[in-house]
Amino acid sequence: RKGLWFRLRKILLFVLGLYIAIPFLIKLCPGIQAKLIFLNFVRVPYFIDLKKPQDQGLNHTCNYYLQPEEDVTIGVWHTVPTVWWKNAQGKDQMWYEDALASSHPIILYLHGNAGTRGGDHRVELYKVLSALGYHVVTFDYRGWGDSIGTPSERGMTYDALHVFDWIKARSGDNPVYIWGHSLGTGVATNLARRLCERETPPDALILESPFTNIREEAKSHPFSVASRDLIKTITIYRYFPGFDWFFLDPITSSGIKFANDENVKHISCSLLILHAEDDPVVPFQLGRKLYNIAAPSRSFRDFKVQFIPFHSDLGYRHKYIYKSPELPRILRHHPGQWRFGSGLQSQRPKAPGGLSGAKSHSHSGAF
């Protein structure tokens, strides 16, 4: 019995020592925190060939490689509208590039952390958007998937800017919309702010499951076994003395801010925010808080700001909003026309007889 107690005490002391050591390790090595945020080393699904999007059921998609900077190469997928599925068979990259000048709008999709442009839920969203008549252009940031380079907030934003400019150089007068998901919303608002500051704003900005800034997301991130985003370990340290100093300051010192709440004050284009109430990764209240910051901002005085929450009973959580049968209706008019639609709508489960039970409120600028 004494031997058992001795071994148990050793285990408890080891666990306690590890618990105390981890905050100091993160403080001394802020790069660890950056890796936990980006999770670019987590490549799922495994064993897929990103050069062959058709293996993921995207038979009307072409794989490109672009070079934003010296020693940086990013992999890009371009999916044309579903109505062009037959015409796209066997076509080369030049055909796809020329197709951007067609009369169909274009969505630049910026994915979140972990995985690649071939992630299952991402592929399903491409299919939905393509079926609605959009070109979808997406890519893996430097350091993700088969893209070459070292991840950083600056680098991710520059990659997005490079792809946006590449699209605009080929799309003529077709509208180009930016869609960011999760961590990708931070890249999206960085990009949109930069475009607005140089007076070449996107036609609209869509933020799916956004947060306010990376510090608030890390601090309020709920523990979830199924989640992959941001920092899973911080929940057990939330009340650790010096929590901000140990865990949040290293994020800032690594040059990682993703300040959506600050960026939206400098963005002048239509804005749509989508967020599920049962999101276990980015708390729903952060998406609503971002909307409350953006809605009264002077930068949006001539544009529509919409927030559409999805009821928890729908089960869309962090990455399944693409499953909503309401999404085609939400995007029925191209995003540049949102300024003429409703403002805040709540998507709830459909009642018998097909009634959605949706509530509607609005916020708008001068039309």
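Here the structure is a predicted model, which is why all the values come from computation and not from measurement.

**Considerations on the packing of helix H6 (residues 153–168) against helix H7 (residues 183–197)**
- Contact pair H6 / H7: the axes reach a minimum separation of 9 Å and the direction vectors enclose 60°. Taken together, the axes of H6 and H7 lie oblique to each other. Once H6 is placed against H7, the crossing between them reads as right-handed. Here H6 contributes Glu 153, Met 156, Thr 157, Tyr 158, Ala 160, Leu 161 and Phe 164 to the contact with H7, which in turn contributes Leu 183, Val 187, Asn 190, Leu 191, Arg 194 and Leu 195.
- Split into classes, the residues belonging to the contact of H6 with H7 amount to nine nonpolar, two polar and two charged.

**Considerations on the nonpolar core**
- Phe 38, Leu 108, Leu 110, Phe 139, Leu 191, Leu 205 and Phe 258 are the most contacted members of the largest nonpolar core, which totals 63 residues.
- Ile 48, Ile 107, Ile 321 and Ile 330 belong to the second largest nonpolar core, which has 27 residues in total.

**Some words on the packing of aromatic side chains**
- Here the structure, examined in full by the defined rule, presents 14 aromatic pairs.
- Considering the side-chain rings of Tyr 141 and Trp 144, the 5.2 Å spacing of their centres and the 75° angle between planes classify their relative orientation as edge-to-face. In terms of burial, Tyr 141 and Trp 144 fall into one category: buried.
- Ring geometry for Tyr 291 versus Phe 307: centroids 5.6 Å apart, planes at 40°, classification tilted. Of the two residues, Tyr 291 is situated in helix H11 (residues 284–294) and Phe 307 in strand E8 (residues 305–310); the sequence distance between them amounts to 16 residues.

**Here's the deal with H7**
- Helix length check: H7, at 15 residues, gives a terminal C-alpha distance of 22 Å against a target of 21 Å (1.5 Å per residue), a fit within 8%.
- H7 sits mainly inside the fold: 12 of its 15 residues count as buried.
- When H7 is considered as a whole, its buried residues turn out to be Leu 183, Gly 184, Thr 185, Gly 186, Val 187, Ala 188, Thr 189, Asn 190, Leu 191, Ala 192, Leu 195 and Cys 196.
- Once H7 finishes, Glu 199 follows within two positions and takes phi at roughly 65°, a positive value.

**Let's talk about the confidence of the model for the chain**
- The predicted model of the chain averages 85 in pLDDT, with 82% of residues at 70 or higher.
- Confidence drops under pLDDT 50 across residues 339–344; counting only partners more than four residues distant or on other chains, this segment forms 28 contacts.

**Points about the pairing of E8**
- Counting buried positions along E8 gives six out of six residues, so the element sits mostly inside the fold.
- Because side chains alternate across E8, one face comprises the buried residues Val 305, Phe 307 and Pro 309, and the other comprises Gln 306, Ile 308 and Phe 310, equally buried.
- Note: strand E7 (residues 270–276) against E8, six bridges, orientation parallel. What sits directly across from Leu 272, in E8, is Gln 306.
- Each parallel crossover has a hand, and for E7 linked through H11 to E8 it is right-handed.

The rules we used
- Residues numbered from 1 in each chain as written.
- Predicted model: local features only at pLDDT ≥ 70, side-chain atom pairs only at ≥ 80, totals over all residues.
- Heavy atoms only, no water.
- Axes fitted to C-alpha atoms, helices over the stretch in contact; angles between N-to-C directions.
- Helix = DSSP H or I, 4+ residues; strand = E, 2+ residues; numbered from the N terminus.
- Parallel < 35°, antiparallel > 145°, perpendicular 65-115°, else oblique.
- Left-handed = near helix turned anticlockwise from the far one by under 90°.
- Contact = heavy atoms within 4.5 Å.
- Nonpolar A, V, L, I, M, F, W, Y, C, P; charged D, E, K, R; others polar.
- Core = buried A, V, L, I, M, F, W, Y, C linked by side-chain atoms within 4.5 Å.
- Buried < 20%, exposed > 50% of the residue type's maximum accessible area, 1.4 Å probe, protein only.
- Phe/Tyr/Trp six-rings, centres within 6.5 Å; stacked < 30°, edge-to-face > 60°.
- Expected span 1.5 Å × (residues − 1).
- pLDDT = per-residue confidence, 0-100.
- Pairing = 2+ DSSP bridges.
- Right-handed = clockwise from strand over helix to strand, strands pointing away.

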